[in-house]
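Here are the chains, one letter per residue:
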Amino acid sequence: MKIKTAYLSFLPVLISSTLAALWVWYNHALHESTALFLGIIAGGLVELDDRFTGRLRNLFFTLLHFSLASLAVQLALPFPWLFAALMVFAAFCVTMAGVIDVRYRTITFGTLLVMLYTAMTYRLDLVWYLNPMMLVCGTLLYTLCTICLHILFPHYPAQESLAEACRKLADYMMIKAQFFDPDEADFLHEKEIKLAMSNAAVTAAFNQCRSTLFYRLRSQHRHARTIFLLQYYLAIQNIHERISSRHTEYSELANQLAHSDLLYRIQRLIVLQAQACRNVGEALHRHAGYIHDSLLTRAEHGLKRAFSVYLLEHGTAKNTPYLQQILDNILSVSEQLQRLENIKLNVKKTNEIDETIAGQDVDNLRDIIPTLRKHLNFESSVFRHAVRMSMMSALICVVVTLFQLHMGYWILMTALLVCQPNYSATTTRLKQRVWGTVLGVLVGSALVYIIPSFEGKLLITVISTTLFLVLRRRRYGFSTFFITIQVLVGFGMMGLNTQETIYPRILDTLLGSGIAWCAVSYLWPDWRYLTLSKTAMRALQGNAAYLRQVLAQMASGSKDDVAYRLARRTAHENAAALSNTVSNMSIEPKKYQQQLPTAFTLLQLNYALISSISTLGTFRHRMDEERRQHHGSGFWPRFFDAGAQSIQVMTQNFSETQDVQATLNRLAESVQAIKPDDENDHANKQIVWAQLKRISEKLQLYANILLSKQANG
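Rules used in this analysis
Residues numbered from 1 in each chain as written. Predicted model: local features only at pLDDT ≥ 70, side-chain atom pairs only at ≥ 80, totals over all residues. Heavy atoms only, no water. Helix = DSSP H or I, 4+ residues; strand = E, 2+ residues; numbered from the N terminus. Rg over C-alpha atoms; globule rule 2.2 N^0.38 Å. Buried < 20%, exposed > 50% of the residue type's maximum accessible area, 1.4 Å probe, protein only. Contact = heavy atoms within 4.5 Å. Axes fitted to C-alpha atoms, helices over the stretch in contact; angles between N-to-C directions. Parallel < 35°, antiparallel > 145°, perpendicular 65-115°, else oblique. Left-handed = near helix turned anticlockwise from the far one by under 90°. Nonpolar A, V, L, I, M, F, W, Y, C, P; charged D, E, K, R; others polar. Salt bridge = Lys/Arg side-chain N within 4 Å of Asp/Glu carboxyl O. Patch = residues over 30% accessible without salt bridge, like charges linked within 9 Å, V, L, I, M, F, W, Y side chains within 5 Å. Areas by Shrake-Rupley, 256 points an atom, 1.4 Å probe, with all protein chains shown as cover. Phe/Tyr/Trp six-rings, centres within 6.5 Å; stacked < 30°, edge-to-face > 60°. Lys NZ or Arg CZ within 6 Å of the ring centre and 35° of its normal. Core = buried A, V, L, I, M, F, W, Y, C linked by side-chain atoms within 4.5 Å.

Draft legend 1. Structural context of the overall build of the chain. Scanning the chain for helices and strands turns up 27 helices and 0 strands. Radius of gyration (C-alpha) of the chain: 29 Å, near the 27 Å computed for a compact globule of 713 residues. Each principal axis of the C-alpha atoms in the chain carries an extent, and together these give about 90 × 60 × 50 Å. Relative to its full complement of 713 residues, the chain shows a buried share of 57%. For the chain, restricting intrachain contacts to residue pairs at least 6 apart in sequence, the fraction spanning at least 24 positions comes to 82%.

This is the structure we're talking about:
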């Protein structure tokens, strides 16, 4: 069934909010309304994509946590010190639960919000169980709507995440196409940084896609649509590996081909491939089949003819083998795209496809306890943040109690939502929270008087609740604006004087944001420049695991199995972490930005390493023929030995300066010793050797920076 899937994400919150509004209107349940709608919001915030049975399991644990937490707050609120102890404990546990997996992190965060919602809606004249019951009913109502939507459209989340991955990959390819512009040969450094940043976005989109597919593949009876989407996912991953490979230095290539149309044809083909990736995403979004554009086919033929003419004129040029491999690689991307057109919904499972996807779920206590124990020390940024959140909760609860602040727990909610693990994320969230709340308070207070009718206020509540959940991931400031309107209108329906809440709400928001900023700035601040070396070394270790898998498959045969994909994904995830670290450093105070140029250099070098490893990865399927043609050659054993030395450097302890330098020197000598003869050796040997040499050179620069940072403390 072809539908506008963009509207599907609106339906659960719109339907549940409308049903809640109708119930409130029919029963004139003014006092229950705010908690009921906040329960719907809490349900939306803890929504987790899963198969049907997984959703039922998540619903059970969510309702259990919400019920216990809300009742605990309701009973503890008359005793301020007990409530303070409860919130301190909850803030610590919720933060620590985040290290287990995404399910625990999401449900426990929602539980903390429900505790805050219970405190905000607490009234002495209401029966003790009313607010907890309404919060749980709102969550149940929203979740039942999402389950009904899942029954009707079970593959919608997977399709949308895959479509988003295609769009991010298309953006990445458009940046990569700029490397084949001869007029930009001297400005590629900035583009390399931009490409590395874009690669982080691609990795994040791939991870989201992998997660949605993982839960569906765990089922015993796999739907044909799931296998269909899995093949698309694996294909775009292969495209990513190929387009991120780097067979030669682009600046040199641009200078050598400055007066040839060949470079422009390569660039045009990559642009068309990027558009094809975007078309794949659009086809998935529209629930339609992908149709390969004939324009892309004509561009491929034009490129092949142009290269044939180039060979007649420059067949003996030094760069010809590398250029040939670039063309083969880019044309293989087109083959992957064309193959997508032929993937059908009735595809059967074959032995050629490893349908396993590595998961990250922690399902038993034996895994949970060691994971938590590993982080119970101040070396862990998660533990530091958990202590920070607890201290902040204790301080605010004490202030609210001592000064008898009316609805002062708005300060606590603001502080806990604004305070993030690092300075840059907190600063960004703080700005969005402040302007969203201030504007929401002003508009919400005015709307209560402009639309005084009960029905009109219910309509505003439905609209603001819907827009909050729709915008919460993409536009946090606007989502804050709408949730503020929703809460104020809800308070108005409960009979509270909203005019009296304007200045206190703004002041509470400013106080909560200020406390969060002070906490993240002065309580064990997680300045990114301090963690740069660790993040860079983790990225290097991820590259080592990726290179190990590539070399193993070059030696024994190519197979795109889960171990290979896991190593490749981990390398890109660590690269994305390094990219995020660099981005965060650029937002930190200027006095901490002295190392920003070094960080950009590390980011560029790390991406160069991944590009070279990806290039070697594209050679895996050619190695069977290569071994047959050059059986008995001494090149390949020495090549794999030099590759092993590269891995040794990447995994070495950089506090041992002399050992690292000695290994780097041996690596450089080993690589130089196996340099192929340009005239007599096969082109494949020249290209893989060039990649190994490039890895050796980049490792030397990378190691110099890390060793220098170690020496300077």
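Structure's up, so let's keep going.
Draft legend 2. How the structure looks around the packing of helix H25 (residues 635–650) against helix H26 (residues 657–673). H26 packs onto H25 with a crossing angle of 160° between their chain directions and a minimal axis gap of 9 Å. The pairing of H25 with H26 is recorded here as roughly antiparallel in orientation. Where H25 crosses over H26, the handedness of that crossing is left-handed. Residue-level inspection shows Arg-638, Ala-642, Gln-645, Ser-646, Gln-648 and Val-649 of H25 in contact with H26, the latter providing Thr-663, Leu-664, Arg-666, Leu-667, Ser-670, Val-671 and Ala-673. Across the contact of H25 with H26, the residue classes break down as 6 nonpolar, 5 polar and 2 charged.

Draft legend 3. Representation of the pattern of salt bridges in the model. In the structure shown here, the tally under the stated rule is 14 salt bridges. We note a salt bridge from Asp-171 to Arg-278, for which the minimum N-O separation is 3.2 Å. Taken together, the positions of Asp-171 in helix H7 (residues 156–177) and Arg-278 in helix H11 (residues 262–285) put the pair 107 residues apart, joining distant regions of the chain. Judged by relative accessible area, which is 28%, Arg-278 ranks as partly exposed. For Glu-697, the salt bridge is made with Lys-693, and the minimal N-O distance between the two is 2.4 Å. Of this pair, Glu-697 and Lys-693 both sit in helix H27 (residues 683–711), separated by 4 residues, roughly a single helical turn. You can call Glu-697 partly exposed: its relative accessible area is 40%. The partly exposed category is assigned to Lys-693, whose relative accessible area is 26%. A cluster of three or more residues bridged by salt bridges with shared partners is formed by Asp-50, Arg-51 and Arg-57.

Draft legend 4. Local environment of a nonpolar patch on the surface. There is a patch of nonpolar side chains on the surface, built from Leu-11, Ile-15, Leu-19, Leu-22, Trp-25 and Tyr-26 and spanning about 620 Å² of accessible area. Looking at where Leu-22 falls in the secondary structure, it is placed in helix H1 (residues 11–27).

Draft legend 5. Spatial organisation of the packing of aromatic side chains. Applying the stated rule across the entire model yields 19 aromatic pairs. For the pair Phe-228 and Tyr-232, a centre-to-centre distance of 4.8 Å together with 40° between the ring planes defines the contact as tilted. Residue Phe-228 and its partner Tyr-232 are both found in helix H9 (residues 224–243); the two are separated by 4 residues, about one turn of the helix. Considered together, Phe-228 and Tyr-232 belong to a single accessibility category, that of buried residues. One aromatic cluster in this structure is built from Phe-92, Phe-378, Phe-383 and Trp-524. The ring of Tyr-476 has Arg-429 lying over it, and the distance from NZ or CZ to the ring centre is 4.0 Å.

Draft legend 6. Structural detail: the nonpolar core. The biggest cluster of nonpolar side chains holds 120 residues, and the ones touching the most others in it are Leu-337, Met-554, Phe-639 and Tyr-702. Core analysis: the next-biggest nonpolar cluster, separate from the first, contains 80 residues, Val-13, Val-46, Leu-77 and Phe-83 among them.

Draft legend 7. Region of interest: unusual backbone geometry. The backbone phi angle of His-287 is positive, close to 60°, even though this residue is not glycine. Position of His-287 relative to the elements: it lies in the loop between H11 and helix H12 (294–314). Look at Trp-524: it is not a glycine, yet its phi comes out positive at around 50°. One can find Trp-524 in the loop between helix H20 (502–522) and helix H21 (528–556).

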